[in-house]
Amino acid sequence: MRRLIALLALLLATPAFAADPPAAPAVKGLWLLTDYPSQTVRPGEVANIRFKLQNAGLAPEPLALSVQGAPDGWKADILGGGQPVAAAMPGANESSSLQLRVDVPKDAKPGSQTLTINAKGGSQAIALPVTLTIASETPAKLTMKTKLPSLMGTPKSAFEYTLSVSNDSGKDLTVALSAQAPANFQATFTEGYGSNEISSIPIEAGQSKDIKVKVTPPRDVKAGNYPVLVRVAAEGATAEQRVTLQISGQGRLSLTAKDGRLSGEAQAGKTAEYTLVVSNDGTAPLEEVEISGSVPTNWKAEYNPKTIPSVAPGEKKDVQVAVTPSDKTIAGDYVASFRANAKGESSNADFRITVTTSTLWGIVGIGIIAVALLVLLGAVARFGRR
Amino acid sequence: MQRNQGRREGSPFTGLGPVFVKELSDHLSSTRMMVLTLFVIVFGALPVGFTLQTLRQVTQSDQFLFLRIFTVEPEQAPISFYAALTFMIPLMAIGLGFDAVNSEFNRRTLSRVLSQPIYRDALLLGKFLGGLATLAVALTALFLIVFGAGLLLLGLPPRGPEVARGLAFLVVAIAYGGVWLAVAMLFSVIFRSTATSALCALGLWLFFFILWPMIAQAITTGFAPSQFRSVDEVLSLEAFGQALQRLSPGTLFGEAVIGLLQPETKAFGQFANLVMQQTRGMIQGTPLPFDQSLLLIWPQITGLIAGMIVVFSIAYIVFQREEVRA
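Cut-offs applied
- Residues numbered from 1 in each chain as written.
- Chains lettered and ligands numbered in written order.
- Predicted model: local features only at pLDDT ≥ 70, side-chain atom pairs only at ≥ 80, totals over all residues.
- Helix = DSSP H or I, 4+ residues; strand = E, 2+ residues; numbered from the N terminus.
- Buried ≥ 20, exposed ≤ 12 C-beta atoms within 10 Å, placed from the backbone.
- Contact = placed C-beta atoms within 7 Å.
- Nonpolar A, V, L, I, M, F, W, Y, C, P; charged D, E, K, R; others polar.
- Core = buried A, V, L, I, M, F, W, Y, C linked by C-beta atoms within 7 Å.
- Pairing = 2+ DSSP bridges.
- pLDDT = per-residue confidence, 0-100.
- Axes fitted to C-alpha atoms, helices over the stretch in contact; angles between N-to-C directions.
- Parallel < 35°, antiparallel > 145°, perpendicular 65-115°, else oblique.
- Left-handed = near helix turned anticlockwise from the far one by under 90°.
- Expected span 1.5 Å × (residues − 1).
- Bend = angle between axes of the 7 residues up to and from the residue.

Counting secondary structure elements, chain B contains 13 helices and zero strands. The order of helices and strands in chain B, counted from the N terminus, is α-α-α-α-α-α-α-α-α-α-α-α-α. Within chain B, buried positions represent 39% of all 326 residues. Expressed as a percentage of contacts within chain B between residues at least 6 apart in sequence, the contacts between residues at least 24 apart total 81%.

Okay, structure coming up:
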């Protein structure tokens, strides 16, 4: 029975504890608060300084706000909720969020300026000094890095550089991308692993992004080192990175006919000669150029020379091709495909050969008709009557 | 067989001119000729009319559109112009030649003609050439009608190569008519009765057009091995079958005309063409130049002309040995 009474007493006592008021703030008063009372601004920029008017345990009353100490040419406003305000009235144990907006003129002199925010009520007045230091130079806000600033390749290769751009400033930036490349070089930007070509990219404050620069050299570029200057810029901040293309020369083979006419005539069973031209339009010599080809079945094709030891850039060399159509070729147009092969390079030319047949059989036909006429003449001589 | 006869005096062509002119005028003024020409023109006009209707709907560009008038099978009738000619030219030639000699004999005018200073040689040759000239006139007229209709209805002038091929076609057609004219004259020399001669000539015509393809097919099938071991065997068998078919002048004419009027033709025979298509390196569908087409069909042309001369020679020999006095 005693236990039951004790439990009952406990149950009755609990609401009594819960109903106790929370601990009142230890201090009472009015404060102007800001996280960073001393900041750096650049000339020509607008500094926004957030501050709070905190009321701890006092009865609410309107407090007039003002700013003192702004030098000539500066413009300082107090904003509340986005609007210029002249007074604030925080409730008991509450605060008003406010903002000091300072337009720093472009010609502001380096040094520190102290602006004082005043809040004045009927019974009390408080002040918050804020120090603005005019930065003497533009702080670097963008940086760019690459792991592989120099790539090697041939004029046919695509050179891809991955660059990491970081936004070290305190605000989000849209970064414009550009590249200075030698004439006729093409540079395109893509985002990290994306395929879309971009000209600018947004980077959040403190973040970094990977961009890719793809540089395509012109096909006829000479061997050598070519620098490309990649530049990123946003709101007055720039960063540059020099990348280099090391292009090695490459031969380019081309095979055509002597006068550009890729057709010829041949007679069935007889050898016809054509002249092909092997030329090197590239930038490095071509070694061991081999000439081959495919002709219709039972045809013969001989090449003189079969192998060209070397073709220098810009040089042209003649190749004689002797094609013999087979005896039984039917008159018509045929395709013979000739090919020039060098190390890693090849070129082919389709040659249209019009085959004519020998007129020998025509003569034989006329001979047969002549024989028939001779038979007739013989008959006339033999059976002719007076 | 030495004849007790001296060398002939004078040219065998003495009197050729008058016989030729007389024969030509007889033919051109005869009712038979009118009927034959009408027959041929109607038979030729029908396929050409239909073909032109078909060709007018053709929208794709064709280098040799004009020549298609002769070779395209119209939708309405399963016969092209040249196929109709393959049939009709022999009929016309037989109509002109089947009574060339024996009618003279039956009218007892032969000895009267030969009593003039006209050799038998000249008489036979003159009759042959007269018939050939008549045939040529009729065929040229038909050819010009077709060309004119083509110009009118296609509104497109033929190009040089097309005209050359058309003219060569005309020559081949006349040579083809010559073969059948010579055949008809041979029968007119052999048989005294015009009816027998006509029947024999027409019988030969029917034989070559209906029976011979079947017989040649049967012979070819008989020679075929039980199993083909290579493509070459198939090709050689087809060549053999073709050689048999080519004994018919109609086949020779057909191939020659196809070679001329379809410039894309590079070989004859279905299987041969199939193999050609599989042959690497040949560009299909390209036309041959005119001289190459001519070379391709030269054996056919030679066969027609030489055949004409040989048949005429036989007729000549038979005629020379005949008794002409009735």
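Attention shifts here to the overall build of chain A. Along the backbone of chain A there are two helices and 29 strands. Relative to its 386 residues, chain A shows a buried fraction of 22%. Put simply, 69% of the contacts in chain A that link residues at least 6 apart link residues at least 24 apart.

With 28 residues of chain A at the interface, the matching set in chain B holds 32 residues. At the level of secondary structure, the elements contributing two or more residues to the side of chain A that touches chain B comprise strand 28 (332-342) and helix 2 (360-383) of chain A. Per-element tally for the side of chain A that touches chain B: the top contributor is helix 2 of chain A, with twelve residues. Here the side of chain A that touches chain B is composed, by residue class, of 17 nonpolar, eight polar and three charged.

What follows deals with the environment of Arg108(B). Checked against the element boundaries, Arg108(B) lands in the loop between helix 5 (102-106) and helix 6 (110-114). Taking the C-alpha atoms as reference points, Arg108(B) and Val324(B), 216 residues apart in sequence, are found 9.2 Å from one another.

Right, let's talk about unusual backbone geometry for a bit. Residues and elements named next belong to chain A. The linkage connecting Asn 304 with the following residue, Pro 305, adopts the cis geometry, with an omega of -5 degrees. Inspection of the secondary structure assignment puts Pro 305 in the loop between strand 25 (300-304) and strand 26 (307-311). Unusually for a residue other than glycine, Asn 184 sits at a positive phi of about 70 degrees. With respect to the helices, strands and loops of the structure, Asn 184 is situated in the loop between strand 14 (173-180) and strand 15 (186-191).

Bringing the nonpolar core into the picture now. In this structure, Val172(B), Leu181(B), Ala182(B), Ala184(B), Met185(B), Leu304(B) and Ala315(B) are the most contacted members of the largest nonpolar core, which totals 103 residues. At 17 residues, the largest contribution of residues to this core is made by helix 8 (residues 160-190) of chain B.

Our focus in this paragraph is the sheet that holds strand 4 (residues 63-68) of chain A. Residues and elements named next belong to chain A. Here we have five strands laid out as an open sheet, ordered 2-10-9-4-7, and mixed in their pairing. Every interior strand has two partners, whereas the edge strands, strand 2 (38-41) and strand 7 (87-88), have only one. In this structure, strand 9 (residues 111-120) lies alongside strand 10 (residues 125-134), joined through ten bridges in antiparallel fashion. Counterpart to Thr 114 in the pairing with strand 10 is Thr 131.

On average, residues of chain A score 83 in pLDDT, and 91% of them are at 70 or above. In this model, residues 15-21 of chain A is a region of pLDDT below 50 whose contacts with residues beyond four sequence positions or in other chains number zero contacts.

Turning next to the sheet that holds strand 25 of chain A. All names here are of chain A. On the basis of which strands lie adjacent, the open sheet formed by four strands has the order 21-23-27-25 and antiparallel pairing. Every interior strand has two partners, whereas the edge strands, strand 21 (253-257) and strand 25, have only one. Shown here is a sheet whose adjacent strand axes are inclined to one another by a mean of 25 degrees, direction ignored. Direction of pairing for strand 23 (residues 272-280) relative to strand 27 (residues 316-324): antiparallel, over a ladder of eight bridges. Note on strand 27: the bridge partner recorded for Val 278 is Lys 317.

Relative to the elements of secondary structure, Ile301(B) occurs in helix 13 (residues 290-320). Aside from chain neighbours lying at most four places away, what touches Ile301(B) is Val172(B), Ala175(B) and Ala256(B).

Turning our attention to the packing of helix 8 of chain B against helix 13 of chain B. All names here are of chain B. The contact between helix 8 and helix 13 brings their axes to 8 Å, and the two run at 20 degrees. For the element pair helix 8 / helix 13, the angle class is roughly parallel. In the packing of helix 8 onto helix 13, the handedness of the crossing is left-handed.

Now for the environment of Lys317(A). Residue and element names in this part refer to chain A. In this fold, Lys 317 is placed in strand 27. Classification of Lys 317 by C-beta neighbours within 10 Å gives partly exposed; the count is 18. Between the alpha carbons of Lys 317 and Leu 276 there is a distance of 8.3 Å; along the sequence they are 41 residues apart. When residues no more than four places from it in sequence are discounted, the contact partners of Lys 317 are Val 278, Ile 308 and Val 311.

The subject of this paragraph is helix 13 of chain B. Compared with an ideal rise of 1.5 Å per residue, which puts 31 residues at 45 Å, helix 13 of chain B spans 42 Å between its outermost C-alpha atoms and is within 8% of the ideal. The largest bend in helix 13 of chain B is about 55 degrees, located at Ile297(B), with the proline Pro299(B) one to four residues further on.

All names here are of chain B. When pLDDT is averaged along chain B, the result is 84; 92% of the residues meet or exceed 70. pLDDT under 50 marks residues 1-6. Its contacts with residues more than four places away, or in other chains, come to zero contacts. This prediction of the complex comes with two scores: 0.64 for pTM and 0.73 for ipTM.

Let us look at the packing of helix 2 (residues 31-56) of chain B against helix 4 (residues 81-97) of chain B. Residue and element names in this part refer to chain B. Remark: helix 2 packs on helix 4, axes separated minimally by 10 Å, with the N-to-C direction vectors making an angle of 175 degrees. Between helix 2 and helix 4, the angle is such that the two are roughly antiparallel. Where helix 2 abuts helix 4, its residues Arg 32, Leu 36, Val 40, Phe 43, Gly 44, Pro 47, Val 48 and Thr 51 lie against Phe 81, Ala 84, Leu 85, Met 88, Met 92 and Gly 95. In the contact of helix 2 with helix 4, the residues fall into ten nonpolar, three polar and one charged.

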